[in-house]
Amino acid sequence: MSFNSFGQSFRVTTFGESHGPAIGGVVDGCPPGIAFRLEEIQAALDRRRPGQSRFTTQRREPDEVKVLSGVLPGEDGLLTTTGTPVAFLIENVDQRSKDYSAISESYRPGHADYAYDVKYGLRDHRGGGRSSARETAVRVAAGALAMKVLPGVTVRGALVQMGDIHIDRASWNWDEIGNNPFFCPDAQAAARMADYLDGIRKSGSSVGAVIEVVADGVPPGLGAPIYGKLDADLAAAFMSINAVKGVEIGEGFASAALTGEDNADEMRMGNDGKPIFLANHAGGILGGISTGQPVVARFAVKPTSSILTPRKTVTRYGEDAEILTKGRHDPCVGIRAVPVGEAMMACVLADHVLRARAQVAVPPAWPFARPEA
Ligand SMILES: Cc1cc2nc3c(=O)[nH]c(=O)nc-3n(C[C@H](O)[C@H](O)[C@H](O)COP(=O)(O)O)c2cc1C
């Protein structure tokens, strides 16, 4: 089961299973001289950690992160990268493998069980093994380090839809994100989501969500034409997150309903000699290259597959069966996917910042002088 790395210059490799002793990862390519504190990585992990509210799984994973290599310790807990691989380790402490013993033969609909078995001839039925979203904790640790490679850039994620409940974009307030258990930027929508998700949770069901990730302060010029497009790498990064079934950049699928006039991100010169875009339908990326506008992406997360209603399935021995997934699960995995989306955005941007250094030694001085007539 290879292909456990992503990124080219800021390259993240992860390892581990949900029910093994630990998960971890290595960031290869982090530049030397990047200063950070372990508490900052831990704070990022705490946002993804399960058991934080009644709306997420009651698994008690402290997700305590250790940095094993690639740093020099300094004063007051400050760590400075040396340029060698930075390795993270997070021990698994709340595995209950017996929760999964009943499903060792039957495939859980919506999970990777059948696909792994039919490809490899074996699978780790304890929580899905490598297919478990437990692996995404390591991405969050790597993403917190990636943020340090992106001075001046702010990456923030928000849950903008849960089931049929959409936020009101006019009420978007980033400060609300920390005030509700959903990372929702609209207080009224968050209250409706709480009532709705309580019903879903009590009935043992689940629901999907849409997450929007916005990166402000991204310099123009990240990404490359054709096969190195920033938007293509972002789409791959978001699509690699468990349960993600759709990705949009900027206007996304809604652009199909627009006219060219509606969709034009018109430009005017600003007083500071830089262009101002009068709209951002493109999501901050044109021709695969960042324009200096906010980079905006959304991804759709399907409803949690593990539900308490019996479902039809088959066994690995070719018999019809019924399955009910007990275990402990999130009624909406989209909630905990928010910090994971932020981490993937940060890793991709850090990768492209480092790649851009190799492509353009000295950026051109824009605007250009008009040639003499
Ligand atoms: C943060 C996070 C937590 C998840 N937790 C669960 C869970 O508790 N139960 C579940 O059925 N799926 C959960 N998932 C989704 C599954 O890992 C995923 O649906 C499954 O591995 C099949 O992969 P696919 O949906 O990407 O095809 C979670 C996803 C994320 C992003």
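Keep in mind that this is a model prediction, so the values were computed, not measured.

### Notes on the environment of Gly-163
Here is step 1 of the chain: Here Gly-163 is to be found in the loop between strand S9 (154-162) and strand S10 (165-166).
Here is step 2 of the chain: Put simply, Gly-163 and Gly-128 are 35 residues apart on the chain and 25 Å apart in space, counted from C-alpha to C-alpha.
Here is step 3 of the chain: Contacts of Gly-163, omitting those with residues within four sequence positions, involve Tyr-196, Val-207 and Gly-208.

### Some words on the UniProt feature "binding site: FMN" (unreviewed entry) in the protein
Here is step 1 of the chain: Cross-referencing UniProt, the feature "binding site: FMN" (unreviewed entry) maps to Arg-130, Ser-131, Ser-132, Asn-242, Ala-243, Gly-287, Lys-302, Pro-303, Thr-304, Ser-305, Ser-306 and Arg-328 in the present numbering.
Here is step 2 of the chain: You can see Ser-131 is positioned in the loop between helix H2 (113-120) and helix H3 (136-148).
Here is step 3 of the chain: If near-sequence neighbours (up to four positions away) are discounted, Ser-131 is found in contact with Ala-112, Tyr-116 and Asn-242.
Here is step 4 of the chain: Among the structural elements, Thr-304 can be located in the loop between strand S17 (295-301) and strand S18 (311-314).
Here is step 5 of the chain: Setting aside its immediate chain neighbours within four residues, Thr-304 contacts Ser-206, Val-207, His-329, Asp-330, Pro-331, Cys-332 and Val-333.
Here is step 6 of the chain: Within polar-contact distance, the side chain of Thr-304 engages the backbone oxygen of Asp-330 at 2.6 Å.

### Looking at the site of the ligand
Here is step 1 of the chain: The immediate surroundings of the ligand are formed by 16 residues, with His-111, Ser-131, Ala-243, Lys-302 and Ser-306 found nearest.
Here is step 2 of the chain: Between Ala-243 and the ligand, the recorded distance is 2.9 Å, taken from a backbone N or O atom to an oxygen atom.
Here is step 3 of the chain: Expressed as a share of its isolated accessible area of 630 Å², the protein-covered part of the ligand is 87%.
Here is step 4 of the chain: Partitioning the shell around the ligand into residue classes produces 5 nonpolar, 8 polar and 3 charged.

### With respect to the sheet that holds strand S3 (residues 22-28)
Here is step 1 of the chain: Taken in spatial order, the 5 strands make up an open sheet running S1-S2-S3-S8-S5, and their pairing is antiparallel. The sheet is open, and its two edges are formed by strand S1 (5-6) and strand S5 (65-69), each paired on a single side.
Here is step 2 of the chain: Of the pairings in the sheet, the one linking S1 to strand S2 (residues 11-16) comprises 2 bridges and is antiparallel in character. Within S2, the residue paired with Ser-5 across the bridge is Thr-13.

### Observations concerning the pairing of S18
Here is step 1 of the chain: Note that S18 and strand S19 (residues 320-323) share 4 bridges and pair antiparallel. In the sheet register, Lys-312 faces S19, and the bridge partner there is Glu-322.
Here is step 2 of the chain: Here S18 folds back onto S19, and the loop between the two strands holds 5 residues, one of which, Gly-318, carries a positive phi near 85°.

### With respect to the UniProt feature "binding site: NADP(+)" (unreviewed entry) in the protein
Here is step 1 of the chain: Mapped onto the present numbering, the UniProt feature "binding site: NADP(+)" (unreviewed entry) falls on Arg-48 and Arg-54.
Here is step 2 of the chain: Among the secondary structure elements, Arg-48 is positioned in helix H1 (residues 38-48).
Here is step 3 of the chain: The class for Arg-48 is buried, based on a relative accessible area of 3%.
Here is step 4 of the chain: If sequence neighbours within four positions are ignored, Arg-48 has contacts with Asp-63, Ala-133, Arg-134, Thr-136, Ala-137, Val-140, Arg-336, Pro-339 and Val-340.
Here is step 5 of the chain: In this structure, Arg-54 is in contact with Asp-198 and Arg-201, ignoring residues within four places of it in sequence.

What counts, and where the lines are drawn
Residues numbered from 1 in each chain as written. Predicted model: local features only at pLDDT ≥ 70, side-chain atom pairs only at ≥ 80, totals over all residues. Heavy atoms only, no water. Helix = DSSP H or I, 4+ residues; strand = E, 2+ residues; numbered from the N terminus. Contact = heavy atoms within 4.5 Å. UniProt positions renumbered as here; feature names shortened; annotations may be inferred. Polar contact = N/O pair within 3.5 Å; in protein donor to acceptor, adjacent residues only side chain to side chain. Near = heavy atom within 4 Å. Areas by Shrake-Rupley, 256 points an atom, 1.4 Å probe, with all protein chains shown as cover. Nonpolar A, V, L, I, M, F, W, Y, C, P; charged D, E, K, R; others polar. Pairing = 2+ DSSP bridges. Buried < 20%, exposed > 50% of the residue type's maximum accessible area, 1.4 Å probe, protein only.

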